[in-house]
Structure formats: structure tokens, C-alpha cells
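A look at the structure
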Amino acid sequence: MHYLPLWRKSAMPRPRPSIIIPTGSGQSTWYYQPYVDAVQKAGGIPRLTSPDLDEEALEALASRMDGLLLAGGGDVDPCLYGQAPHPALGRVDRARDDLELALARLALRRGLPILGICRGIQVLNVATGGTLYQDLPSERPGSLQHGCSQFPADHIAHEVTLEPGSLLARTMGREALPVNSRHHQGVDRLGEGWRAVAHAPDGLVEAMEAPGHPFALGVQWHPESLIGLPEHGLRLFAAFVRACGAP
Ligand code: MN
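Everything numeric here is computed off the predicted structure, so don't read it as measured data.

Approximately 410 Å³ is the volume attributed to the largest pocket. Lining the largest pocket are 22 residues; nearest its centre among them are Tyr31, Gly72, Gly73, Gly74 and Asp75. The residue inventory of the lining of the largest pocket, partitioned by class, reads three nonpolar, 13 polar and six charged.

A few words on the pairing of strand β9 (residues 195–199). Sheet analysis places strand β6 (residues 158–162) next to β9, joined by two bridges and oriented antiparallel. In the sheet register, Thr161 faces β9, and the bridge partner there is His199. Inspection of the sheet shows β9 paired to strand β10 (residues 205–209) by four bridges, in the antiparallel sense. Opposite Ala198, over in β10, you have Ala207 as the bridge partner. Two successive antiparallel strands, β9 and β10, enclose a turn made up of five residues, where Gly203 displays a positive phi of approximately 90°.

Looking now at the packing of helix α2 (residues 55–63) against helix α3 (residues 94–110). Two elements in contact, α2 and α3, have axes separated by 11 Å at closest approach and are oriented at 40°. Viewed along their axes, α2 and α3 adopt a mutual orientation that is oblique. Between α2 and α3 lies a crossing whose hand is right-handed. From α2, Leu58, Glu59, Leu61 and Ala62 reach across to α3, where they touch Leu99, Ala102, Leu103, Leu106 and Arg110.

In this section: the coordination of the manganese ion. Protein-derived ligands of the manganese ion are His146 (ND1), His158 (NE2), Ser181 (OG), His183 (NE2) and Glu206 (OE), with the metal-ligand distances lying across 2.3 Å. Each donor residue of the manganese ion lies on one chain, and together they are spaced H-x11-H-x22-S-x1-H-x22-E. With a gap of 25 residues between them, His158 in strand β6 and His183 in the loop between β7 (176–179) and β8 (186–187) connect regions that are remote in the sequence. Just as His158 is buried, His183 falls in that class too.

Next up on the list: the packing of α3 against helix α4 (residues 119–127). Look at α3 against α4: their axes get within 9 Å of each other, and the N-to-C directions meet at 70°. Put simply, α3 runs roughly perpendicular to α4. With respect to the hand of their crossing, α3 and α4 are arranged in right-handed fashion. Only Arg119, Val123, Leu124, Val126 and Ala127 of α4 make contact with α3, whose side of the interface consists of Arg96, Asp97, Glu100, Leu101, Ala104 and Arg105. Each residue belonging to the contact of α3 with α4 can be placed in one class, and the counts come to six nonpolar, no polar and five charged.

Rules used in this analysis
Residues numbered from 1 in each chain as written. Predicted model: local features only at pLDDT ≥ 70, side-chain atom pairs only at ≥ 80, totals over all residues. Heavy atoms only, no water. 1 Å grid on protein atoms, 1.4 Å probe; cavity = no way out; pocket = protein on both sides within 12 Å on 5 of 7 lines; lining within 4 Å. Points joined across faces, edges and corners; volume = space filled by probe spheres on them. Nonpolar A, V, L, I, M, F, W, Y, C, P; charged D, E, K, R; others polar. Pairing = 2+ DSSP bridges. Helix = DSSP H or I, 4+ residues; strand = E, 2+ residues; numbered from the N terminus. Axes fitted to C-alpha atoms, helices over the stretch in contact; angles between N-to-C directions. Parallel < 35°, antiparallel > 145°, perpendicular 65-115°, else oblique. Left-handed = near helix turned anticlockwise from the far one by under 90°. Contact = heavy atoms within 4.5 Å. Donors = N, O, S within 2.8 Å, 3.2 Å for Na, K, Ca; no water. Buried < 20%, exposed > 50% of the residue type's maximum accessible area, 1.4 Å probe, protein only.

Written out as C-alpha cells, the structure is:
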């Protein structure tokens, strides 16, 4: 008697991939709804998970993970990249940092697809030894206004130039992209294994990908708020969820 997984029988559709989305400590889930919607529309099953997991729960979660989505949120604790807190540093959530760093390193090691969004690209960079600007306006004079949270979520703040031939440029089908911008921090020194694949007009890194990995991509903008725009649609989420094993 063979106990093949049910989905191997041709009559059964392949299960939709399980996408882990870590959340902040004690944070309500409404904030994550745009991510949940985008992942579902792209064919994945979003699974929100809060921090403070013990070792065993983390292992169990990781073993059921087909892909990792690191969402937007507050600032990463600068001591995680060897810096003292800047006066303009926002609130940090160390439990969330720890969970996301652990899952990011695990997904990178196992070749599981990862999509990092806003705070997510910053977490990916820190997970691999990179550093961040803790506050762009004060630490990087001459920067564009990247923190545009007074506008609606889909407000186009600036353009980004994509690296020709990159996974990102191929996914989006273009080499320039209008994007929203809701960040006061940014990628400074790149972590190990990444290549910068999008830049803002002021030179700031707005996306990075890991060439040796099947799908590891971080973007500084918020694609989950731009799916109504023809230049964006579901392209990024569809490519990510497909890499996670969606039929
Ligand atoms: Mn920006």
C-alpha cells in the first residue's frame, strides 16, 4: 500500500501554496488585509502569524511554509545591524524582528520564495548583514520625500528605474515604474548575496533580489496598494505565488 500525497492523483488539483505573513506584536490584523487580499487573488493561502513563538512552534510553522511574505511595518531595531538608535528612530518591535529574521534566513537557506515589502526589504537586508538608513531625511540629505503617508496608499510618489534583465524587470515587463512611497528608512549597505535592481531618482535602492535564489525579492514600495494600476496589477504577487508552487 502506498500512501502518496492526495494531490499527486491526477484528479486532485494541486493545493494552493501556504504563504506565511508575520505580523507585529499585539497588532490587529486589519493592517494586513491588503496583503491578504493580494496573496489570495494571486492564488495563495495567506497565513498571518504573530511573534513570540517557541522553538517548536517556529519549526512547525517553517515546515508548512511554501513562501514568506514580509509585510510593511515599523522600524527594525538598529542594534541588529550594529548601530545605536538615531533620535528619529520610530517604535521597534523586537519580537517581530526576531521572528522575521529567523524566517528570512531559513527561507534564504532553503531556497523558499520570499517577497519583502517596505519594512520587508529592510528585514531581508539586515538578515544578511546589510545596514539601513535609520531616517532618510536626516541621514541622507538631498533625498526625495519618501515618507508620503499623508496621501492615500496608492498615491504615486516617485518613479523607480529597474535593472534590465532582472527578475523584477521581467516580472513587471518594463524598466521604469511609478510607485508609492511610505518609508522614512531605507537600504544603505547591501547585505550578502543581493543585487540592487531598482533605484529612485535620488539613487536610493528601491528593490533588490538574490540572483542565486529561485525567488528572493525585496521592494521598498507597497505593491499591495497598487494592484488597481495597470502598470502594476497583480504581477508581483502572481510571480511570487507561482514561485511558491501555485498551479
Ligand atoms: Mn521611495
